[in-house]
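Overview (structure and organization)
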Amino acid sequence: MTENTSAPDAASDDADYIGPDRSLLIVDDDAPFLRRLARAMETRGFIVDVAESVAEGIAKAKGAPPKYAVIDLRLGDGSGLDVIAAIRQRRDDTRIIMLTGYGNIATAVNAVKLGAVDYLAKPADADDIFAALTQRPGEKAELPENPMSADRVRWEHIQRVYEMCDRNVSETARRLNMHRRTLQRILAKRAPK
């Protein structure tokens, strides 16, 4: 992708935070989100490369390991943790942000052990991602203004298990130790805020 110079003042201010190596690899299988985030990061001064799978992400990481990376945890062909490992084999100073729609503490710890510097829950906006990528050592991240409610966290977990069970209601209910009809009612409702 080419660098966007439509906002030179903002991009030059952001470039001060980024440093001389502005390479950024974004790995996500949600194509619309990937395109929006790539455009937003280009306007902030990054030189963006994208990948839509673990295999493509690993290939790009091995070919030209980036200074910055934003990687989705769950991709169609595997785990984004494999992309982190591939980047770390080639470059140890990459600032890596892990994104996920299904956050849990064990995965966050694993991502950090492999070399991620931050772990953001989707939907993360470009400002949150930029702040995480350019955060200086020792700086504390701001607390979210509107953290997920307990009902939303429960709903996200149920959705994650439902997807892991290939959208099979009976298997999902069994794994969650929940009555099948109760699960069907939950799945029929909109996501809580």
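A brief structural summary. (Residues numbered from 1 in each chain as written. Predicted model: local features only at pLDDT ≥ 70, side-chain atom pairs only at ≥ 80, totals over all residues. Heavy atoms only, no water.)

Turning to the sheet that holds strand E1 (residues 23-27), a few remarks are in order. The sheet built from five strands is open, its strands ordered E2-E1-E3-E6-E7 with parallel pairing. Two strands bound the open sheet, and with one partner strand each, they are strand E2 (47-51) and strand E7 (116-121). The mean inter-strand angle of the sheet, taken between neighbouring strand axes irrespective of direction, is 15 degrees. Here E1 pairs with strand E3 (residues 68-72) via four bridges, running parallel. Looking across to E3, one finds that Leu24 is bridged to Tyr68. The strands that helix H4 (residues 81-90) touches are E1, E3, strand E6 (95-100) and E7; relative to E6, the one it contacts most, it runs at about 175 degrees. (Pairing = 2+ DSSP bridges. Helix = DSSP H or I, 4+ residues; strand = E, 2+ residues; numbered from the N terminus. Axes fitted to C-alpha atoms, helices over the stretch in contact; angles between N-to-C directions. Contact = heavy atoms within 4.5 Å.)

One side chain can pair with another of opposite charge once the charged atoms of both are near each other. Considering all chains together, one arrives at eight salt bridges under this definition. Between Glu171 and Arg174 there is a salt bridge whose closest N-O contact spans 2.6 Å. One end of the pair, Glu171, and the other, Arg174, are both in helix H8 (residues 169-176), three residues apart, so they sit about a helical turn from each other. By relative accessible area, Arg174 is classed as exposed at 57%. (Salt bridge = Lys/Arg side-chain N within 4 Å of Asp/Glu carboxyl O. Buried < 20%, exposed > 50% of the residue type's maximum accessible area, 1.4 Å probe, protein only.)

For the coordinates displayed, the defined rule picks out two aromatic pairs. Seen in terms of ring centroids, Phe46 and Phe130 are 6.0 Å apart; in terms of plane orientation they differ by 75 degrees. Their pairing is edge-to-face. Remark: Phe130 occurs in helix H6 (residues 126-134) and Phe46 occurs in the loop between helix H2 (31-43) and E2; sequence separation between them is 84 residues. An aromatic cluster of three or more residues is present, and its members are Phe46, Tyr68 and Phe130. (Phe/Tyr/Trp six-rings, centres within 6.5 Å; stacked < 30°, edge-to-face > 60°.)

Bridge count for E1 against E2 is five bridges, and the pairing is parallel. Across the sheet, the residue bridging to Ile26 is Val50, located in E2.

Let us look at the nonpolar core. Formed by 23 residues in total, the largest nonpolar core has its most connected members in Leu24, Ile26, Met41, Phe46, Val70, Ile129 and Leu133. Mapped by element, the contributors of at least two residues to this core are E1, H2, E2, E3, E6 and H6. Ranked by residue count, the leading element in this core is H2, at six residues. With residues near it in sequence (within four places) discarded, Leu133 still touches Leu24, Met41, Phe46, Tyr68, Ala69, Val70, Arg95 and Ile97. If you look at the next biggest cluster of nonpolar residues, it comprises 19 residues, including Val27, Val54, Ala61 and Ala86. (Core = buried A, V, L, I, M, F, W, Y, C linked by side-chain atoms within 4.5 Å.)

Turning next to H2. Spacing of three or four residues puts side chains on the same side of an α-helix, whose turn is 3.6 residues. With 13 residues, H2 should cover 18 Å at 1.5 Å per step; its first-to-last C-alpha distance of 19 Å lies within 8% of that length. At its buried positions, H2 is contacted by E1, E2, E3, E6 and H6. Backbone geometry just after H2 places Gly45 at a positive phi near 105 degrees. (Expected span 1.5 Å × (residues − 1).)

Here we come to unusual backbone geometry. Excluding glycine, a negative phi dihedral is what most residues carry, and trans is how most peptide bonds are arranged. A positive phi angle, near 55 degrees, is found at Asp166, a position not held by glycine. With respect to the secondary-structure elements, Asp166 resides in the loop between helix H7 (150-164) and H8. Looking at Asp166, the relative accessible area reads 69%, which means it is exposed. Although it is not a glycine, Asn177 adopts a positive phi angle of roughly 55 degrees. Among the secondary structure elements, Asn177 is positioned in the loop between H8 and helix H9 (180-188). Since its relative accessible area comes to 75%, Asn177 is described here as exposed.

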